[in-house]
Amino acid sequence: MKLVVAVVRPEKLNDVLESLFREEVRGLTIQRVQGHGGETERVETYRGTTVKMGLSEKVRIEIGVSDHFVGPTVAAILRAARTGEVGDGKVFVMPVEKVFRIRTGEEDQAAVTPESEIAAR
Amino acid sequence: MNQADIAWMLVSTALVLLMTPALGFFYGGLVRSKNALNTMMMSVAALGFVGIGWAVLGYSLAFSGEGLWLGNLGHALLRGVGLEAKGTIPHVLFFSYQGTFAIITAALISGAIVERMRFGPYLAFISLWALFVYAPMAHWVWGGGFLARMGALDFAGGTVVHVNAAAAAGVAAWMLRPRKDHARQAILPHNVPFTLLGAGLLWFGWFGFNAGSALAANPSAALAFANTLFAPVATLVVWTLIDFARGGKATAVGAATAIVVGLVAVTPAAGLVSPLAAIVLGAVAAFPSYFALLYRARTRLDDSLDVVAAHGVGGAVGALLTGVLAQKAWNGTADGLLFGNPRQLAVQAAAVAVAIVFSGGMTFAILKVLGAFVALRATRGEEGLGLDVTQHGVEAYSHGEGAILVLPDTPPARAFPGVAFDFEGTGGAS
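The residue numbering used here restarts from 1 in each chain and proceeds along that chain's sequence as written. Chain letters start at A and ligand numbers start at 1, both assigned in the order the entries are written. Local features in a predicted model are, by the rule used here, given only for residues with pLDDT of at least 70; side-chain atom pairs are given and counted only at 80 or more, and totals for whole chains, interfaces and linings are based on all residues.

Chemist: How do you make sense of the sheet that holds strand 3 (residues 42-46) of chain A when you look at a structure like this?
Modeler: In a beta sheet, neighbouring strands pair by backbone hydrogen bonds and run either parallel or antiparallel. For two strands to be treated as a pair, DSSP must find at least two bridges joining them. Secondary structure elements are taken from DSSP: a helix is a run of H or I of four residues or more, a strand is a run of E of two residues or more, and numbering for both begins at the N terminus. The three strands lie next to each other as 3(A)-4(A)-3(B), forming an open sheet whose pairing is antiparallel. Of all the strands in the sheet, just strand 3 of chain A together with strand 3 (403-406) of chain B have a single pairing partner and so form its edges. Pairwise comparison of adjacent strand axes, ignoring direction, gives a mean angle of 35 degrees for this sheet. Axis definition: a line fitted to C-alpha atoms, limited for helices to the stretch in contact. Angles are taken between N-to-C directions and run from 0 to 180 degrees.

Chemist: What is the right way to read the interface of chain A and chain B from this model?
Modeler: Working definition of a contact: two residues with C-beta atoms, positioned from the backbone, lying within 7 Å. In this assembly, 14 residues from chain A lie in contact with 13 residues from chain B. Those elements that provide at least two residues to the side of chain A that touches chain B are strand 3 and strand 4 (49-53) of chain A. Residues belonging to the side of chain A that touches chain B are distributed by class as follows: five nonpolar, five polar and four charged. Two elements, strand 4 of chain A and strand 3 of chain B, share four bridges in a ladder whose sense is antiparallel. Residue pairing in the sheet places A:T50 in a bridge with B:V406 of strand 3 of chain B. Side-chain classes are defined by residue name, with Ala, Val, Leu, Ile, Met, Phe, Trp, Tyr, Cys and Pro counting as nonpolar, Asp, Glu, Lys and Arg as charged, and the others, Gly among them, as polar.

Chemist: Please explain the packing of helix 9 (residues 252-266) of chain B against helix 10 (residues 275-297) of chain B as it appears in this structure.
Modeler: Any two packed helices are characterised by the angle at which their axes cross and by the distance between the axes. Residue and element names in this part refer to chain B. At their nearest, the axes of helix 9 and helix 10 sit 9 Å apart, and the two run at 120 degrees to each other. As summarised for this structure, helix 9 and helix 10 are arranged oblique, according to the angle between their axes. When the axes of helix 9 and helix 10 are compared, the crossing they make is right-handed. Residues A258, V261, G262, A265 and V266 of helix 9 touch helix 10, and the partners they reach there are A278, L281, G282, A285, A286 and S289. Residues that form the contact of helix 9 with helix 10 fall into these classes: eight nonpolar, three polar and no charged. Orientation categories follow fixed angle ranges, with anything under 35 degrees roughly parallel, anything over 145 roughly antiparallel, 65 to 115 roughly perpendicular, and all other angles oblique. Left-handed describes a crossing in which the near helix is turned anticlockwise from the far one by less than a right angle; the clockwise case is right-handed.

Chemist: I'm lost on the pairing of strand 3 of chain A in this one. Help?
Modeler: Both faces of the sheet carry side chains from a regular strand, because those side chains alternate between them. All names here are of chain A. One ladder, built from five bridges, connects strand 3 with strand 4; its direction is antiparallel. Residue pairing in the sheet places Y46 in a bridge with T49 of strand 4. From the end of strand 3 to the start of strand 4, which pair antiparallel, there are two residues, and R47 there has a positive phi angle of about 50 degrees.

Chemist: I would appreciate a short explanation of the sheet that holds strand 5 (residues 56-65) of chain A in the present structure.
Modeler: Residues and elements named next belong to chain A. Strand order in the open sheet formed by four strands is 2-5-1-6, and the pairing between neighbours is antiparallel. This sheet does not close on itself; its edge strands, each paired only once, are strand 2 (29-35) and strand 6 (89-95). Each neighbouring strand pair of the sheet contributes to a mean axis angle of 20 degrees, computed without reference to strand direction. Bridge analysis of strand 1 (residues 2-8) against strand 5 gives seven bridges, and the strand direction is antiparallel. Paired with V8 across the bridge in strand 5 is V59.

Chemist: Any chance you could explain the environment of B:L345 here in plain terms?
Modeler: Residues and elements named next belong to chain B. Residue placement: L345 occurs in helix 13 (residues 342-373). Along the chain, L345 and A250 lie 95 residues apart, while their C-alpha atoms are 34 Å from each other. Discounting residues that sit within four places of it in the chain, L345 has contacts with L320, G323, V324, G336 and L337.

Fair warning: the whole summary comes from geometry, so function is off the table for now.
Encoded structure:
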């Protein structure tokens, strides 16, 4: 099992979700976050106060997947989140020690396998 | 001059002026948070840019001279606009009151092109539009032009303001093409309470708009006031019932829209129909706008905040129903179809058609010419980031995290010559 963590542009979130759903990736969590990824800083002015915004709005997506899902999941994110400009974000893939599905108590591989796939077996 | 009239018109002018920032809230709540300020600024900027154009030239084109088609330059740069009487109020007050109408009318168009039009070209567009589309229309109906001579009834601007702005909005939305996300993903209002606040303030200001259009503190103003209260009341009830019938839930954005539709519809009729007729008018007006909204959402026309459905359809229905429900016993000037004067309905229809064709055509021409010189639209990237940051360099809901203060490179001009200011912590002289 792996945990795929992606940080993407908020305006690309819908594209990413669509792309993930198309790959049958159904279980995920998102958070609105702020980050810095080498983008040029935006200058904003509020009356006399001028500021450089060092942090940009991003969305962080966390997806727990079984091993054979890692490839399609990452590919789907890369495909949908890319604009080619600095600030498109990152995808991290990390090992996971244990996973539990709260509803059933299933563990590990079974806990990150989508219901549809279990039904198909 | 009449002091009661002056007092009422002073208040009315302020009330109508409030409608423009109110419209900013109404529209601002309906867009995504990344475009909230841009959308509100489109209304706020109209106060300035249309206002100055009105003083310099617009007022003269609308209200100077007896021309059939256009005013003249007699009042350009406010020449001859002084303290003398215009009707029963001072000329400067009449000029100011009419100016607030020009401002709100131009601002109404912005609802069709939000979230994608660059701000500079927008300013140029509304400035030109107010001079060359609004001023002639105002002249035709209120300045003694040909629609007035035909006998078109438009008490407070159903045709001049609402149909006029909506025709421009439809054409502008079509010419600017849909937003990149239109019909691809859900674009939801970011602050519905703002929209309700805007609708409430619009209603409040609309009492000045309609009852003030009597240009006096008289029974006609009282009639217009009552109708401005009760027509939207009826629209709101009918709209809510349609909501219940269709989806089982009364929606908040629907209620805000219903109020505006009712106000728009009663605008041409305000001082011309009985209060009971106004209630009927408000109730009937709910249907065409309600279904126009549903229909528009299925088309590729990205009239983003439905200016056509609310102001165009609502305004046209109001103008036509004025031709049906007008009653000489109440207004002293003309009867409608229901009271034995079918010709009035034909005149009303003609006036609406003229407004649509003229405003649509002129808007097309202005945007074509502007578009030949500058890009009207923001780039896809700017649209993605949002127009608040890309057009204005401000955010509506800034958290301040990660903001680095940029200190001035050079100290500001010295208040007292010879006294040097020393900024602590700026790293000394720079």
